[in-house]
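Chain by chain, the residues:
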Amino acid sequence: MQIGQFPRKRLAHLPTPLEPMARLTELLGGPTLWIKRDDCTGLATGGNKTRKLEYLMAEAIAAGADTIVTPGAYQSNHVRQTAAAASLCGMTCEILLENRIKQADEDYRRSGNRFLNNLFRANIREYDGGTDMAAACQAVAEELRGQGKSPFVIPGGGSNPTGALGYVRCALETVDQANQMDLHIDTLVHATGSTGTQAGLVAGMHGSGAGTTILGISVSAPKEKQETKVHALVQATCDKLQIKAPPREVTMANSDYVGDGYGVPTPAMIEAIELTAQQEGILLDPVYSGKAMAGLIDLVRRGHWSKDQNVVFLHTGGAVGLFGYLNAFQ
Ligand SMILES: *Cc1c(COP(=O)(O)O)cnc(C)c1O
């Protein structure tokens, strides 16, 4: 498997650090905990979408695009990183925001990622919750073509086989780092939403033969639905890589930490964000990495892993989203 065959526009600061979380490990008394800092990918405060955008923007450039069209929630980290990438590539960005949170307050609707989008001069259109956003993107692309523009649509979360290549590359990078450090990684835990991150990691780990288990903590969908969605993208990504896909059982999601739904705070998320800040000086986010860390902490407390194992938390970024959730922390 050769990841180098795919066109890539460099946007991220790579490799991101793989570091121990010594204080959290000691406090919880379980396996040795590590953190892979994909919150440090660098583009406009970083996050996991930047790795996907390296492959997606290369495709947009090759297609001769002048405008990027992409959807997301009001506090979407994907939209913020895509708007920044479009700026960097000299393209216009058309953002379609879906109001997915019923009880959204002023901070959620104006601050955090939503505020940063304005700085990239992106054109922002707003839609009601439940809108078919993929269809809405196609309609906007059609409208732009009518104006003589060349739009390129990036799906929600940048999750298609091209975007997933970013996480195939991350899996290889992590294996390489572990080998350099004489470290055996048993499990890698991360937040899973639109599926590109997990699908890329599963395909990449499988291709590398390293045998690290990937565990996605769902931020919205129930287990069965999330695993099915991820596995479909694993297969499509393996087709692109021209490797045999791993069996369905390799794709594992845990949906016990979603709470009342996507973007809705939970007490465990608040505890995880405070604990990680206070023990490690690291900022997580309320929608994704906070819930994923809540899952990791709970599983450690329940004795899911033995003391001699090594568990890596993939920090997917998003801390600017904290400013959209001030009231949840009071
Ligand atoms: C988008 C996102 C995720 C989920 O990644 P997917 O590839 O959409 O599954 C996790 N964490 C953060 C901070 C994100 O912005």
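Here the structure is a predicted model, which means the values were calculated and not measured.

S.K.: Help me understand the sheet that holds strand E5 (residues 123–128), please; the structure alone is not making it clear to me.
M.R.: Sheet strands associate in pairs through backbone hydrogen bonding, adopting either a parallel or an antiparallel arrangement. In spatial order, the strands read E5-E4-E3-E6; together these 4 strands make up an open sheet with parallel pairing. Edge positions in the sheet fall to E5 and strand E6 (151–153), since each of these pairs with one other strand and no more. Across the sheet, the mean angle separating the axes of adjacent strands is 25 degrees when strand polarity is ignored. Strand direction decides the pairing type here: strand E4 (residues 92–99) and E5, joined by 6 bridges, are parallel. Counterpart to Glu98 in the pairing with E5 is Tyr127. Strands in contact with helix H3 (residues 77–88) are strand E3 (67–73) and E4; relative to E3, the strand with the most contacts, it is inclined by about 165 degrees. Running at roughly 150 degrees to E4, helix H6 (residues 133–146) makes contact with E3, E4, E5 and E6 of the sheet.

S.K.: Explanation requested: unusual backbone geometry in the structure shown.
M.R.: Peptide bonds are mostly trans, and most non-glycine residues show a negative phi. Pro15 follows Leu14 through a cis peptide bond whose omega is -5 degrees. Here Thr195, not a glycine, exhibits a phi torsion of approximately 90 degrees, which is positive. Its location among the elements puts Thr195 in the loop between strand E7 (187–192) and helix H8 (196–208). Using a relative accessible area of 5% as the deciding quantity, one classes Thr195 as buried. Notably, Gln242 is not glycine yet its phi reads approximately 55 degrees, a positive angle. Within the secondary structure, Gln242 is located in the loop between helix H9 (223–241) and strand E9 (252–254). Given the relative accessible area of 69%, Gln242 is considered exposed.

S.K.: Would you take a moment to explain the site of the ligand for this structure?
M.R.: The environment of the ligand is formed by 16 residues, the closest being Lys49, Lys52, Ser194, Thr197 and Thr316. Between the ligand and the protein, one listed contact pairs an oxygen atom with a side-chain N or O atom of Ser194 at 2.5 Å. Coverage of the ligand by the protein amounts to 98% of the 380 Å² it exposes when considered alone. A majority-of-atoms criterion places the ligand in the largest pocket. For the shell around the ligand, the secondary structure elements donating two or more residues are helix H2 (49–62), E7 and H8. Looking at the shell around the ligand, its residues break down into 2 nonpolar, 11 polar and 3 charged.

S.K.: Looking at this structure, how should I read the nonpolar core?
M.R.: Formed by 58 residues in total, the largest nonpolar core has its most connected members in Leu33, Met57, Ile68, Met293, Leu296, Trp305 and Phe313. Setting aside its immediate chain neighbours within four residues, Trp305 contacts Pro31, Thr187, Val189, Leu215, Leu296, Leu299, Val300 and Val311. Leu18, Ala178, Met205 and Val312 belong to the second-largest nonpolar core, a separate cluster that totals 28 residues.

S.K.: Honestly, the packing of helix H7 (residues 161–180) against H9 in this entry has me stumped. Any pointers?
M.R.: Each pair of packed helices gets described by two things: the angle between the helix axes and the distance between those axes. Put simply, H7 and H9 touch, their axes get as near as 9 Å, and they point 85 degrees apart. The pairing of H7 with H9 is recorded here as roughly perpendicular in orientation. Along its contact with H7, which presents Pro161, Thr162, Ala164, Leu165 and Val168, the element H9 presents Leu233, Ala236, Thr237, Lys240 and Leu241.

S.K.: Would you take a moment to explain the layout of surface pockets for this structure?
M.R.: If you roll a probe as big as a water molecule over the atoms, it shows you where there is empty space left. One number sums up the size of the largest pocket: a volume of about 800 Å³. The wall of the largest pocket is formed by 39 residues, among which Arg100, Gly156, Gly157, Gly193 and Ser194 lie closest to the centre. Contributing elements (two or more residues each) for the lining of the largest pocket: H2, E3, H3, H6, E7, H8 and H9. Broken down by element, the residue count for the lining of the largest pocket peaks at 4 residues, all from H9. Among the residues making up the lining of the largest pocket, the classes are represented as 14 nonpolar, 19 polar and 6 charged.

S.K.: What is the right way to look at the sheet that holds strand E8 (residues 213–218) in this model?
M.R.: With respect to topology, 6 strands assemble into an open sheet ordered E1-E2-E10-E7-E8-E9, the strand pairing being mixed. Unpaired on one side and paired on the other, strand E1 (18–20) and E9 mark the two borders of the sheet. Each strand axis lies, on average, 30 degrees off the axis of its neighbour in the sheet, ignoring direction. In the sheet, E7 pairs with strand E10 (residues 310–315) via 3 bridges, with the strands oriented parallel. Each bridged residue has a counterpart across the sheet, and for Leu188 the counterpart in E10 is Val312. Against the sheet, H8 engages E7, E8, E9 and E10, with an angle of about 175 degrees to E8. The sheet strands contacting H9 are E7, E8 and E9, and the helix crosses E9 at an angle near 145 degrees.

Criteria and cut-off values
Residues numbered from 1 in each chain as written. Predicted model: local features only at pLDDT ≥ 70, side-chain atom pairs only at ≥ 80, totals over all residues. Heavy atoms only, no water. Pairing = 2+ DSSP bridges. Helix = DSSP H or I, 4+ residues; strand = E, 2+ residues; numbered from the N terminus. Axes fitted to C-alpha atoms, helices over the stretch in contact; angles between N-to-C directions. Contact = heavy atoms within 4.5 Å. Buried < 20%, exposed > 50% of the residue type's maximum accessible area, 1.4 Å probe, protein only. Near = heavy atom within 4 Å. Polar contact = N/O pair within 3.5 Å; in protein donor to acceptor, adjacent residues only side chain to side chain. Areas by Shrake-Rupley, 256 points an atom, 1.4 Å probe, with all protein chains shown as cover. 1 Å grid on protein atoms, 1.4 Å probe; cavity = no way out; pocket = protein on both sides within 12 Å on 5 of 7 lines; lining within 4 Å. Sits in = over half its atoms within 2 Å of the grid points. Nonpolar A, V, L, I, M, F, W, Y, C, P; charged D, E, K, R; others polar. Core = buried A, V, L, I, M, F, W, Y, C linked by side-chain atoms within 4.5 Å. Parallel < 35°, antiparallel > 145°, perpendicular 65-115°, else oblique. Points joined across faces, edges and corners; volume = space filled by probe spheres on them.

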